[in-house]
Amino acid sequence: MLNINGLTIKVADGMDVKTLVAGVDLPIGEERIVGLVGGSGSGKTTTGLAILRLLSSQLNITSGKIDFLGKDLLACPEKELRRIRGKDISMVFQEPLNAFNPVFTISQQIGEVLKYHTKLTRRQRKERIEELLNMVGIKDPVRVCRNYPHQLSGGMRQRAMIAQAIAANPKLIIADEPTSNLDVTLQARIIELFRSLRADLKLSILLITHDLGLVAHLADEVAVMQQGKIVETGATRQVLENPSHAYTKKLMEVVKI
Amino acid sequence: MTLLELQNVRKYFPGPKHFLEETQYVRAVDHVDLTIVEGENLGLVGESGSGKTTLGRLIMKLHKADSGAIILNGKDISKLSDNEFRPLRKNVQMVFQDPYSSLDPRFTVHGLLAEADQLSQEKKDRNARLEKAIQAVGLDISCLKRYPHEFSGGERQRIAIARCLVMNPKLLILDEAVSSLDVLIQEQVLQLLKSLQQQYPVTYLFISHNLRVVRKICHKIAVMYRGKIVELAASDEILRNPLHPYTKELLTAAIDYKSVDKPYNEPIGENSRLIDNGNGHFVIN
């Protein structure tokens, strides 16, 4: 469904040019969960942001193609891209407190997605928001709707953000460290939520994380990234049971209990 | 030798006040007894909101305990005034979760460490002490001249640790100190903490929600739930043989990334006490 081909991203560093992402190839099939794993600074988040062309202006995509359902996202005009962002491809960020706008309520922010991407009326939107919050396991959606982001707990905020991400029935969710800020019991619940959403909504997930343990329990395929390159890729079980690259082995080592 | 002893320590925070209604209290730390022996690292685990951070802050006297005794080196610090406690505070130091907000951006690393050093020791040999501390955490002496923003998260956390070390603390409270770091850097910092104990006579109180991280460095683990310690045992023992349902839930989440169907949500009785189940494995009744 999504096919990243030879993606290269560079940044000017004084007189030098630094390569952040060096020729990354990454296919994501339909209804697949693909884990993109690496340490901090490996270029995994940059790759994720490049898909929706959300990179800051200093970072230049120098070559490569990102093919999404036959369309090259890197070549398509900004106007068309706006119709894809949030609709066909949406994002879940690590820190929902920063990702949400603090001065709007949850329902206003989820409503904005619906207003822009669907033809629902005001009343239908309200129903849909409550339905969405229900889907992500929020028990009292009516109250949460009226709340501002800071009034919710960390786990609730993350759920609300996932609700926003699935609002317009996307085909792909890019989840960047979606559980790294949550404690272990909440993390487990969010993982289960992702799993059930994939089955119910038939979507694909690109899971960006440094935690191989998380990937082991959620992803079908895994790509290990180090210094801007993908060093190992394959079916999750195969890679984790028999890691061939030294960096993958090191990552495996530290998450062992 | 006993380093720190908490006896029946309590800290309640008042909740929102409503007209004519009695104030509801959040029982952050609810009659906790806990002993830390010198050289024996203790891990404090629990969900967010279980009171583990409040407990750490009580030991630092950043909060005042409502009742109970906090005995550090044979002295009850909970009864001391701030002025009386100040000379003793160097014995307990804390490393915070977020290394981006816990280091003053306007100070050089030298300035940050010197400020701590100045509180605890005479000026003589200060530079030598700072150099020793920065090298002990695996950074180069040249780092002393640089500012916090020039460092990565893992390096900043090392600087925060070095800042504590110059004071020669007996107890170092690490409050989610590696949670914001990626797994490889986490591992490095944990290895560093282990090796530091050979150079400095320091004991760790390691506060975290991550059992996997805690077991790597702690001899003992205490599980906290709703302000109470519900289970306490040697690390290997608690991982091999968890007895309390809440501990079991934490373990399933940490190791199998699975949540249980019915999360543990029972109130703990007023008069519950930790009972020894043999082998120093304590569970609340």
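What you see is a predicted model, and the numbers here were worked out from it, not measured in a lab. (Residues numbered from 1 in each chain as written. Chains lettered and ligands numbered in written order. Predicted model: local features only at pLDDT ≥ 70, side-chain atom pairs only at ≥ 80, totals over all residues. Heavy atoms only, no water.)

(A) Up close: the overall build of chain B. When helices and strands are tallied, chain B shows nine helices and twelve strands. Here the C-alpha radius of gyration of chain B, 20 Å, is about what a compact globule of 285 residues would show, namely 19 Å. With respect to the principal axes defined by its C-alpha atoms, chain B has extents near 55 × 45 × 40 Å. Looking at chain B as a whole, 51% of its 285 residues are labelled buried. Carbon and sulfur atoms make up 49% of the accessible area of chain B, which totals about 13,500 Å². Charged side chains of chain B number 37 positive and 35 negative; the gap between the two group centres comes to 4 Å. (Helix = DSSP H or I, 4+ residues; strand = E, 2+ residues; numbered from the N terminus. Rg over C-alpha atoms; globule rule 2.2 N^0.38 Å. Buried < 20%, exposed > 50% of the residue type's maximum accessible area, 1.4 Å probe, protein only. Areas by Shrake-Rupley, 256 points an atom, 1.4 Å probe, with all protein chains shown as cover. Lys, Arg positive; Asp, Glu negative; His and termini not counted. Charge placed at Lys NZ, Arg CZ, Asp CG, Glu CD.)

(B) View of the sheet that holds strand 5 (residues 71–72) of chain A. Residues and elements named next belong to chain A. Strand order in this open sheet of four strands is 2-1-4-5, and the pairing throughout is antiparallel. Two strands in the sheet have a free side with no partner beyond their single neighbour: strand 2 (16–28) and strand 5. Sheet topology places strand 1 (residues 2–13) next to strand 4 (residues 59–68); eight bridges connect them, and they run antiparallel. For K10, the partnering residue across the bridge sits in strand 4 and is N60. (Pairing = 2+ DSSP bridges.)

(C) Representation of the interface of chain B and chain A within the structure. Taken together, the contact between chain B and chain A spans 23 residues of the former and 23 residues of the latter. Both faces combined, the contact of chain B with chain A buries some 2,200 Å², and carbon together with sulfur accounts for 63% of it. Looking only at chain B, the three residues that lose the most surface to chain A are V183, L184 and Y257 of chain B, adding up to 32% of its buried area. Applying the counting rule to chain B against chain A returns one salt bridge. (Contact = heavy atoms within 4.5 Å. Buried area = accessible area lost by both parts, 1.4 Å probe. Salt bridge = Lys/Arg side-chain N within 4 Å of Asp/Glu carboxyl O.)

(D) Fine view of helix 7 (residues 154–166) of chain A. All names here are of chain A. Under the 1.5 Å per step criterion, the end-to-end length of helix 7 is 19 Å for 13 residues, consistent within 8% with the ideal 18 Å. Of all the residues in helix 7, the buried ones are G155, R157, Q158, R159, A160, M161, I162, A163, Q164, A165 and I166. Those residues of helix 7 that are buried lie in contact with strand 6 (89–92), helix 3 (96–99), helix 4 (106–117), helix 5 (122–135), strand 7 (172–176) and helix 8 (184–201). (Expected span 1.5 Å × (residues − 1).)

(E) Structural context of the packing of aromatic side chains. All names here are of chain B. Scanning the model with the defined rule gives four aromatic pairs over all chains in all. Three or more aromatic residues joined by ring pairs form one cluster here, namely Y225, Y246 and Y264. Above the ring of Y12, the side-chain terminus of R10 is found at 4.5 Å from the ring centroid. Sitting over the ring of Y200, K132 keeps its end group 4.6 Å from the ring centre. (Phe/Tyr/Trp six-rings, centres within 6.5 Å; stacked < 30°, edge-to-face > 60°. Lys NZ or Arg CZ within 6 Å of the ring centre and 35° of its normal.)

(F) Up close: the sheet that holds strand 9 (residues 221–226) of chain A. Residue and element names in this part refer to chain A. Read from one edge to the other, the open sheet built from six strands follows the order 6-7-8-3-9-10, with strand pairing classed as mixed. What marks the edges here is a single partner per strand, and that holds for strand 6 and strand 10 (229–235). Looking at each pair of strands side by side, their axes are set apart by 15° on average, direction ignored. Judged from the six bridges that link them, strand 9 and strand 10 form a sheet pairing that is antiparallel. Bridge pairing in strand 10 places Q226 opposite K229. Across the face of the sheet, helix 11 (residues 246–255) comes into contact with strand 3 (33–37), strand 9 and strand 10 while running at roughly 105° to strand 9. (Axes fitted to C-alpha atoms, helices over the stretch in contact; angles between N-to-C directions.)

(G) Inspection of unusual backbone geometry at higher detail. Although it is not a glycine, Q227 of chain A adopts a positive phi angle of roughly 50°. Looking at where Q227 of chain A falls in the secondary structure, it is placed in the loop between strand 9 and strand 10. For E176 of chain B, which is not a glycine, the phi torsion comes out positive at approximately 50°. Residue class for E176 of chain B comes out buried when judged on its relative accessible area of 9%.

(H) Molecular detail of the packing of helix 4 of chain A against helix 7 of chain A. All names here are of chain A. Packing of helix 4 against helix 7 brings their axes to within 8 Å, and their N-to-C directions diverge by 20°. Judged by the angle between their axes, helix 4 and helix 7 are roughly parallel. Where helix 4 crosses over helix 7, the two elements pack in a sense that is right-handed. Residues I106, Q109, I110 and V113 of helix 4 lie in contact with helix 7, whose contacting residues are A160, A163 and Q164. Each residue belonging to the contact of helix 4 with helix 7 can be placed in one class, and the counts come to five nonpolar, two polar and no charged. (Parallel < 35°, antiparallel > 145°, perpendicular 65-115°, else oblique. Left-handed = near helix turned anticlockwise from the far one by under 90°. Nonpolar A, V, L, I, M, F, W, Y, C, P; charged D, E, K, R; others polar.)

(I) Region of interest: the pairing of strand 4 of chain A. Residue and element names in this part refer to chain A. Relative to strand 5, strand 4 runs antiparallel, the two being bridged by two bridges. Considered in strand 5, the bridge of F68 is made with K71. Linking two consecutive strands that pair antiparallel, namely strand 4 and strand 5, is a turn of two residues; a positive phi of about 50° is found at L69 within it.

(J) Quick look at the nonpolar core. I161, L193, L196 and F206 of chain B are the most contacted members of the largest nonpolar core, which has 61 residues in total. If you tally residues by element for this core, the top one is helix 5 (residues 153–165) of chain B, at six residues. When neighbours within four sequence positions are excluded, L193 of chain B is seen to be in contact with I161, L174, Y204, F206 and I217 of chain B. Among the nonpolar cores identified, the runner-up in size contains 53 residues, and I162, F194, L214 and L240 of chain A belong to it. (Core = buried A, V, L, I, M, F, W, Y, C linked by side-chain atoms within 4.5 Å.)

(K) Examining the side chain of T185 of chain A more closely. With respect to the helices and strands, T185 of chain A occurs in helix 8. Its relative accessible area of 2% is what places T185 of chain A among the buried residues. A distance of 3.1 Å separates the side chain of T185 of chain A from the side chain of D183 of chain A, its partner in a polar contact. Discounting residues that sit within four places of it in the chain, T185 of chain A has contacts with E47, E249, L250 and A253 of chain B. (Polar contact = N/O pair within 3.5 Å; in protein donor to acceptor, adjacent residues only side chain to side chain.)

(L) Examining the confidence of the model for chain A more closely. For chain A, per-residue confidence averages 91 on the pLDDT scale, and residues scoring 70 or more make up 100% of the total. Summarising per-element confidence for chain A, the mean pLDDT is lowest in helix 3 of chain A (83) and highest in strand 3 of chain A (95). (pLDDT = per-residue confidence, 0-100.)

(M) Molecular detail of the pattern of salt bridges. Going through the model one piece at a time under the given rule, you end up with 25 salt bridges over all chains. The salt bridge involving K126 of chain A is made with E130 of chain A; its shortest N-O contact spans 3.9 Å. Here E130 of chain A and K126 of chain A lie together in helix 5, a separation of four residues that amounts to about one turn. Take K126 of chain A: its relative accessible area is 54%, and that puts it in the exposed class. For D30 of chain B, the salt bridge is made with R27 of chain B, and the minimal N-O distance between the two is 3.7 Å. On the accessibility criterion, D30 of chain B (5% relative accessible area) is buried. In this structure R27 of chain B comes out as partly exposed when scored by relative accessible area, which is 39%.

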